[in-house]
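Report on the structure
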Amino acid sequence: MNPHPAALEAVVPPEFRPGLSLLLARCADRPFVMERLRSLAASRPAEFQQVLYMPFGMQALVSVFSASRFLSREIEQHPDWLLEILSSGALHRLALREELDAGLLTWLSGGEGPPDPVRLAAFRRKQILRIMLRDTLGFGALAEITEELALLAECLLDAACARLRRALELRHGPPPAGSPVPWAFSILAAGKLGGRELNYSSDIDLIFLHTGEGLTTGPEPVSAPEFFRRLALEITRLLGQATPEGLIYRIDLRLRPEGRHGVICPSLDSARRYYESRARDWELQMLIKARPAAGDTGPAAALLESLQPRIYSTSLDFRAIDQIAETREKLDRKLLARRRAPGVDVKLAPGGIRDIEFLTQCLQRLYGGRELWLRNASTLQALMRLRDKDLLSGAECARLVSAYQFLRAVEHRLQLEEDRQTHWLPASPDTLERVARRVPADLLGGDPSGGQLWQRLEEHLAAVRAIYDRILSAQQPSLPPASFAAAPQAASSKPGADRLDLPRDSNLLRFLDQRCPRFAAAVRRTPLGISAAAFDHFLERLLSHPGHLDILEGDAALASRLLDLAAHSPHFADQLARRPELLEALALSAGSGALEESFARLADASGLRKQFLREMFRIQAESVCLQRPVFETLEQVSRLADASIAAAARIAAASAGFPRCELMVVALGRLGMLEFDLGSDADLVFILPDEHPGEKPQWTRVAESIISILGSYTSDGMMFSVDTRLGPEGRSGPLVHTETSCREYFRSRAEAWEGLAWMKARAVAGPVDRATALLEELQQIDWRRYGQNARSREELRAMRLRLEKELGAEQPLKAGPGGWYDIDFALTWLRLRGAGLFFKVLNTPARVAVLEQMGHLDSAQARFLLDAAAFFRALDHALRVTSGHAPATLPRSPRQARLLDALLRRWLPPHLSAQPFEEELGQLQSRIRRFFDSLFSPAA
């Protein structure tokens, strides 16, 4: 049954038919979608019409009917669920745990007795519908979707625990007063729930724990172990009960101490004794993902804290890891052998999800005893941290992350169809075509066809298995285990570290000697250090690009820039290995005018993304090779981001049917002050002119589209993430504001720190002149409210010290004493005092110059602050250039420290780079804190 005009006329009004035709052309299972649309239009005509006229209404209907049979049935039974979700205007953001708790309380009508399992199951399905729409409409990345699914499970688990415990206390009485050991009940989450990486249809792995002594004080007294045993059984029975709205959750308790043979709710002391003396290695490895999820956190937190030395041992024998791997693979092979039909298990297949998770946990166990930073339950975050510590190369991390996102996306689409726990992708052509149309197009890297899906699947499985085999084999100690553990140099070895120091592939270099001898000689002369492996990969890729080899042989200056960049940036060496065509960008140069002109011609998001990444590579390469001053580079990157945002706004507005973008896009933070850099997030606020109030829903969709274009992760990479929390009302405010609402907010409700943040605001897209005039007006409001207010200074000082207390240990360069925040708060407060003068944009050197001219700084203070700002920005820039992102701390690797020193000498004057950068940093931090204290002291 293919869609045709008659069918469309029977379902939707005329104005929606072209859009529906486009949606149906791309969706999976078109006959089913058309049938469901007809059915809903016939059975619930009023609600159907309401949905059509809601933002994203038609897309939501087609998305659900195309992806999920069980949610299709829910929409037909409960169209009000969909209307409520669409009208909330919150699809663009993650739901907070507090919001889920409040929603569930209202859903259960505020009762205090045991919850109705049907109502719990219905609440779960309604929230699954909301999360699925965020997923399939592109509003949430994988990490957000899995976190929301986990938050939903925690919400339901906590509510069930609290209500069932109250019911048991009514029956058996409360705990005895004055018990020497407090009665407490903890629920530990393990597995995917523990890592907040839950699937749409997952088991939840739970471990119950309790503390307490004595008997309850009611008419039917029971002991603490019996009381909590009954509570654990009641929770398991309630959540595992089948209802007309489906199962709530399948609960798996086999990970508890002693497994199937253990008591269902052991005491804290007995669990601790078990894990300290009898637990097998795989049980300790499982605890990497364990965390308190519901009930009282005390017992669970105490258990995990006491077991950290066992989970992350500094002298772990690799043979234990090897045995776990061997046992796991035997079990996986048995499970896979039960499958007779052709297909792939995306979880258990070699190179599948479990291989990625297991490899990640192995490296965490082996090195987490020394590197506390590695202790993280999230697979994606753990992979990034392993890369930060050089335990994975940038290429290995990128391939594992890309494969994990692809495999989890396929897994989610398989489970969404019927709310069934499955990881099996059948190889039948019809199934592959259907699943391919459901998987995000950017993950497929081509047309959404079954053949393309299968090809990408095979590529990812092969890449993961190659990394898995290579890294695990690299862990095998060359000495007996006792010597390996005792030798400091062996204990600090890292996977792949030895490979980086070996001579590069001699066959490859011998080939280059014959093919391009001058370039080969230059390669041999260049010490590439930790970039050597990635550069070798780049050279291998060049063999299939003979034209590039000819260019390098004939252009000695280009070859020199290439080797200089690779030697100073492992990140860009890895980028070249993945995209050899970036070599062409090394030979280019573009002024701001040419940049704006080239971006103004771009007509689609894919072209914009490729152009941005190419220009970013060029700017960063010039920063390293031409030794440009750091603030000059930051301005170039900022102008690149400006051009990209303006292009994204134009593309998004055109897609929504507008001839131009009327939405004012305002940048704050680093982008606002022209100090944007590689790996920065863009703080953006969207403001609609007052004369367009009726168009706010349409412009909200445009803003959402802009965020998606800029922040989507694709096979080409991503441009940058967008953060909208600096807008009026913060996280709880709307995505798009009006001019009037901004004025009213800053006149009456904005706090001092918000006035400080908006001192860095700058219009970057849309009606820029109008936005600039509004920003000048808001700055005048800020100046009148806070500029001469001593109380504002105290508020800012308190906020700065709170940031230091909360973040200083984790982010010492930014939030620690004498860190960048001290400089930034000081300069912004001084500017706020003189905000009667408006400037469209001021970067840090310009801010210092203005403050010196206004008399707020003397010449010595100005020179010092310029030096301090240049040093901090150069150090931050060097960290980003070497790693590709913004590490929160300095690297411990001596080789990485030498790289930072070399880069800083390129960008800083001699008086700031004459001594090791760590010493210069320490001295500057002390002086910066003294300046901050002198400015914000009560007597100042």
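Since this is a predicted model, take the numbers as computed values, not measurements.

Now for the overall build of the chain. Helix and strand counts for the chain come out as 48 helices and 11 strands. Buried positions account for 56% of the 940 residues belonging to the chain. For the chain, the share of sequence-separated contacts (at least 6 apart) that also reach a separation of at least 24 residues comes to 74%.

It is worth spelling out the state of the cysteines at this point. One covalent bond between the sulfur atoms of two cysteine residues makes up a disulfide. Using the criterion set out here, one finds 0 disulfides in the structure. Cys-161 forms no disulfide, and the closest cysteine sulfur to it belongs to Cys-265, at a distance of 9.8 Å. Among the residues examined, Cys-161 registers a relative accessible area of 4% and is labelled buried.

One finds Phe-535 and Leu-684 to be the most contacted residues of the largest nonpolar core, which totals 130 residues. By size, the runner-up hydrophobic cluster in this structure holds 88 residues, among which are Phe-56, Phe-208, Phe-227 and Ala-232.

As a further point, take the packing of aromatic side chains. Overall, the coordinates contain 20 aromatic pairs when judged by the stated rule. Geometrically, the ring pair formed by Phe-185 and Phe-208 is stacked, given 5.6 Å between the ring centres and 20° between the ring planes. With Phe-185 in strand β1 (residues 184–190) and Phe-208 in strand β2 (residues 203–211), this pair connects stretches of sequence that are 23 residues apart. Of the two residues, Phe-185 and Phe-208, both sit in the buried class. Ring geometry for Tyr-274 against Tyr-275: centres 5.4 Å apart, planes inclined by 75°, an arrangement best described as edge-to-face.

Relative orientation of the contacting elements helix α4 (residues 45–52) and helix α7 (residues 79–87) amounts to 20°, with a least axis distance of 10 Å. Comparing their axes, α7 and α4 come out roughly parallel. Between α4 and α7 the crossing geometry is left-handed. Taking contact as the criterion, the partners of Glu-47, Gln-50 and Val-51 in α4 are, on α7, Pro-79, Leu-82, Leu-83 and Leu-86. Among the residues making up the contact of α4 with α7, the classes are represented as 5 nonpolar, 1 polar and 1 charged.

So, about helix α45 (residues 859–883). The terminal C-alpha atoms of α45 lie 36 Å apart, and with 25 residues this matches the ideal 36 Å at 1.5 Å per residue to within 8%. With 19 of 25 residues buried, α45 lies mostly within the body of the structure. Here α45 starts with a cap whose side-chain oxygen sits 3.1 Å from the backbone nitrogen of Ala-860, and that cap is Asp-858.

As a further point, take the pairing of β1. As a general feature of sheets, a regular strand has side chains that alternate between the two faces. Burial of β1 is extensive: 7 of the 7 residues sit out of reach of the surface. Here β1 shows two buried faces, one formed by Ala-184, Ser-186, Leu-188 and Ala-190 and the other by Phe-185, Ile-187 and Ala-189. Two elements, β1 and strand β4 (residues 291–295), share 4 bridges in a ladder whose sense is antiparallel. By the bridge assignment for β4, Ser-186 is matched with Gly-295.

What follows covers unusual backbone geometry. Look at Arg-196: it is not a glycine, yet its phi comes out positive at around 50°. Mapped onto the elements of the fold, Arg-196 is located in the loop between α11 (191–194) and β2. Assessed through its relative accessible area of 32%, Arg-196 is described here as partly exposed.

This part covers the confidence of the model for the chain. Mean pLDDT for the chain: 86, with 90% of residues reaching 70 or above. Scored below 50 in pLDDT, residues 476–506 shows 42 contacts in the model against residues more than four places distant or in partner chains.

This part covers the packing of helix α5 (residues 57–67) against helix α9 (residues 117–136). Between two packed helices, what matters for the description is the angle formed by their axes and the separation of those axes. The geometry of α5 relative to α9 is characterised by a closest axis approach of 10 Å and an angle of 100° between their N-to-C directions. The pairing of α5 with α9 is recorded here as roughly perpendicular in orientation. Contacts between α5 and α9 involve Ala-60, Ser-63, Val-64 and Ala-67 from the first element and Leu-129, Met-132, Leu-133 and Thr-136 from the second. Its residues placed into classes, the contact of α5 with α9 shows 6 nonpolar, 2 polar and no charged.

Right, let's talk about the pattern of salt bridges for a bit. Tallying each qualifying case throughout the model produces 68 salt bridges. With a shortest N-O distance of 2.7 Å, Arg-524 and Asp-513 are connected by a salt bridge. On the criterion of sequence distance, the pair formed by Arg-524 in helix α27 (residues 517–525) and Asp-513 in helix α26 (residues 506–515) is long-range, its members being 11 residues apart. Across the salt bridge formed by Glu-622 and Arg-618, the nearest N and O atoms sit 3.3 Å from each other. With a gap of 4 residues between them, Glu-622 and Arg-618 both fall in helix α34 (residues 605–625), about one helical turn apart. Its relative accessible area of 8% is what places Glu-622 among the buried residues. Here the residues in one salt-bridge network are Arg-97, Asp-101, Glu-154, Asp-158, Arg-196 and Arg-291, joined through shared partners.

Next up on the list: helix α15 (residues 297–311). Helix length check: α15 (15 residues) gives 20 Å between terminal C-alpha atoms against 21 Å at 1.5 Å per residue, within 8%. Close packing links the buried residues of α15 with β1, β2, α13 (268–277), α14 (281–286), β4 and α17 (353–367).

As a further point, take the sheet that holds β1. One open sheet holds the 4 strands; their spatial order is β3-β2-β1-β4, and the pairing between them is mixed. Each having just a single partner strand, β3 (250–252) and β4 make up the two edges of the open sheet. Neighbour-to-neighbour, the strand axes of this sheet turn through a mean angle of 45°, independent of strand direction. As defined by bridge partners, β2 adjoins β3 across 3 bridges and the pair is classed as parallel. Residue pairing across strands places Asp-205 opposite Asp-252, the latter belonging to β3. Its contacts with the sheet put helix α10 (residues 142–172) on β1, β2 and β4, and the angle it makes with β4 is roughly 45°.

Moving on to the side chain of Arg-125. Positionally, Arg-125 belongs in helix α9. A polar contact of 2.9 Å, which involves the side chain of Arg-125, links it to the side chain of Glu-74. Beyond its immediate stretch of four places on either side in the chain, Arg-125 contacts Phe-70, Leu-71, Glu-74, Trp-81, Glu-245, Gly-246 and Asp-419.

Right, let's get into the side chain of Glu-675. Locating Glu-675 in the fold gives a position in the loop between α36 (669–672) and β8 (682–688). Glu-675 has contacts with Phe-631, Leu-634, Ser-638, Arg-670, Trp-820, Asn-843, Thr-844, Pro-845 and Arg-873, leaving out every residue within four places of it along the chain.

Before going further, it helps to spend a moment on the environment of Gly-295. Position of Gly-295 relative to the elements: it lies in strand β4. The exposure class of Gly-295 is partly exposed, given its relative accessible area of 30%. Separated by 87 residues in sequence, Gly-295 and Phe-208 have C-alpha atoms that sit 9.5 Å apart. Other than its neighbours up to four places away in sequence, Gly-295 contacts Asp-158, Cys-161 and Phe-185.

Conventions used here
Residues numbered from 1 in each chain as written. Predicted model: local features only at pLDDT ≥ 70, side-chain atom pairs only at ≥ 80, totals over all residues. Heavy atoms only, no water. Helix = DSSP H or I, 4+ residues; strand = E, 2+ residues; numbered from the N terminus. Buried < 20%, exposed > 50% of the residue type's maximum accessible area, 1.4 Å probe, protein only. Contact = heavy atoms within 4.5 Å. Disulfide = S-S within 2.5 Å. Core = buried A, V, L, I, M, F, W, Y, C linked by side-chain atoms within 4.5 Å. Phe/Tyr/Trp six-rings, centres within 6.5 Å; stacked < 30°, edge-to-face > 60°. Axes fitted to C-alpha atoms, helices over the stretch in contact; angles between N-to-C directions. Parallel < 35°, antiparallel > 145°, perpendicular 65-115°, else oblique. Left-handed = near helix turned anticlockwise from the far one by under 90°. Nonpolar A, V, L, I, M, F, W, Y, C, P; charged D, E, K, R; others polar. Expected span 1.5 Å × (residues − 1). Polar contact = N/O pair within 3.5 Å; in protein donor to acceptor, adjacent residues only side chain to side chain. Pairing = 2+ DSSP bridges. pLDDT = per-residue confidence, 0-100. Salt bridge = Lys/Arg side-chain N within 4 Å of Asp/Glu carboxyl O.

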